[in-house]
Amino acid sequence: MRPCLEKLEAETLSPFAVLSSQSKGRKRYETPCSIRTDMQRDRDRLLHSKAFRRLKHKTQVFIAPEGDHYRTRLTHTLEVAQISRTVARALRLNEDLTEAIALGHDLGHTAFGHAGEAALNEIHPGGFRHNHQSLRVVDIIEDLNLTWEVRDGILNHTGDKLPQTLEGQIVRICDRIAYLNHDIDDAIRAGILESSQLPADCVALLGDSTSARINHCVRALITNSRDQESVSFDDKMLEAIERLREFMFENVYIGSRPKEEEVKARYVITMLYKHFTANPHALPTNDSVDSSPQRICDYIAGMTDRYAISLFKGLYLPTPWQG
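What comes next is a walk through the structure. (Residues numbered from 1 in each chain as written. Predicted model: local features only at pLDDT ≥ 70, side-chain atom pairs only at ≥ 80, totals over all residues. Heavy atoms only, no water.)

Every α-helix winds through 3.6 residues per turn, so residues three or four apart in the chain are directed the same way. Counting buried positions along helix H2 (residues 38-47) gives eight out of 10 residues, so the element sits mostly inside the fold. Along H2, the positions that sit buried rather than exposed are Asp-38, Met-39, Gln-40, Arg-41, Asp-42, Arg-43, Asp-44 and Leu-46. Taken together, the buried residues of H2 touch helix H1 (2-12), helix H3 (50-54), helix H4 (73-90), helix H5 (95-104), helix H7 (130-141) and helix H8 (148-155). (Buried < 20%, exposed > 50% of the residue type's maximum accessible area, 1.4 Å probe, protein only. Helix = DSSP H or I, 4+ residues; strand = E, 2+ residues; numbered from the N terminus. Contact = heavy atoms within 4.5 Å.)

All right, on to the nonpolar core then. Residues Leu-46, Val-150, Ile-177 and Phe-233 are the most contacted members of the largest nonpolar core, which totals 64 residues. Top element by residues in this core is helix H9 (residues 166-189). It accounts for 11 residues. Once residues within four sequence positions are removed from consideration, Phe-233 is found in contact with Ile-173, Ile-177, Cys-217, Ala-220, Leu-221, Asn-224, Leu-238 and Ile-241. Formed by 22 residues, the second largest nonpolar core is a distinct cluster that contains Phe-128, Met-271, Ile-296 and Met-303. (Core = buried A, V, L, I, M, F, W, Y, C linked by side-chain atoms within 4.5 Å.)

Moving on: the pattern of salt bridges. Counted under the stated rule, the structure contains 27 salt bridges. Residues Asp-44 and Arg-36 are paired through a salt bridge, measuring 3.0 Å at the closest nitrogen-oxygen approach. Salt-bridge contacts for Arg-43 lead to Asp-44; the nearest nitrogen and oxygen are separated by 3.0 Å. Summarising the burial analysis for this pair, Arg-43 and Asp-44 share the class buried. Each member of the salt-bridge network shares a partner with another, and the members are Arg-36, Arg-43, Asp-44, Arg-85, Arg-89, Glu-95, Asp-96 and Glu-99. (Salt bridge = Lys/Arg side-chain N within 4 Å of Asp/Glu carboxyl O.)

Shown next, in the form of structure tokens:
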């Protein structure tokens, strides 16, 4: 089965695609699966990981939202994977590699989203970046022994360095397509924005609904990247998306009413870090193989919103006496 799939890839994928049979390999050699390609195997490992399951209770934008229809880090990841696969298929690139990178790209996110990340970055020696932590999750904490291409895409889905595969570049761009558009949708649902407030020039170019904007972005990305050695938007699309991103920072990501809760979220993360620094014996024994500061960071970064809140309450809020 696997040789047939690898042969099909070689016959049908673009010359710019990563072929599963030509992967740079894993840190530790493994006997190939008789059914799945290496990229399919990586996708499945990520999907079945504990870190992936915890994403369902981690913040995307709104901290511990009560409504059932707000995005979480898990639904964000699934939307990134869906958009990325659409682009990869249209460009005849490796869909399985693309999906694996998308499923793993945010595994290192803390509770409370970027607020938690900022808190750990301030207090943890050497700082904290969720993309580096995502790689740490798959390499060390869960030891998934993924292929080099998937690991490269996870690490470089954000930051200054581009992924070295076109599949990784797809995920890097589709991550932004996904979060900008679903964050607009969530902000409108929360009453923070009205659709009429969106920049008129962006609406004119991209559309006036979530589906229309995603569709336009995907089509533009495919058109500009077909048979090219890199994946990118043209300058006009880049300008519109950056304008929309600036608008979201001004009106949603910074200073909106729900974002005021981030001060509390950062306090929770900071106090938990201080608690485990003073009480390293309270850490689970198997969450990391490294020194205490890194073990503390790993433990807190792996927490869901509700677990962090519950733990904070148990440590710092009085329990009513029931005599």
